[in-house]
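Per-entry structural report
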Amino acid sequence: MGLSYKGYNISLRPLKTDNLWQLELEKNGGEIVHTYTIDPQKTLKSVEDFALDEVDKKVEEELKQ
């Protein structure tokens, strides 16, 4: 289960290598906009804040186009 925010789905998945996580920002409709590698030492709250900030940036970019 993921989080939805401003038309984007946000999900966090474990990577099979390196004990890291992959944060995926996906625009509604299935298009993956960007992925980020996340250190497992980060708190869930800091990852959520990062993801929401990145979505805000993407929405601002879309409005400028």
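All of the points below concern the structure found in this document. Note that the coordinates shown come from a computational prediction; the quantities given were computed from them, not determined experimentally.

Analysis parameters
Residues numbered from 1 in each chain as written. Predicted model: local features only at pLDDT ≥ 70, side-chain atom pairs only at ≥ 80, totals over all residues. Heavy atoms only, no water. Helix = DSSP H or I, 4+ residues; strand = E, 2+ residues; numbered from the N terminus. Pairing = 2+ DSSP bridges. Axes fitted to C-alpha atoms, helices over the stretch in contact; angles between N-to-C directions.

A word on unusual backbone geometry. Of note, the phi angle at K6 is positive, near 50°, even though the residue is not glycine. You can see K6 is positioned in the loop between β1 (3–5) and β2 (8–14).

A word on the sheet that holds β1. An order of β1-β2-β3-β4 is seen for the four strands of this open sheet, with the pairing classed as antiparallel. Bordering the open sheet on either side are β1 and β4 (31–38), each of which pairs with just one other strand. Taken pair by pair, the neighbouring strands of this sheet meet at an average axis angle of 25°, ignoring direction. Bridge analysis of β2 against strand β3 (residues 21–27) gives seven bridges, and the strand direction is antiparallel. When the bridges of β3 are listed, R13 appears paired with Q22.

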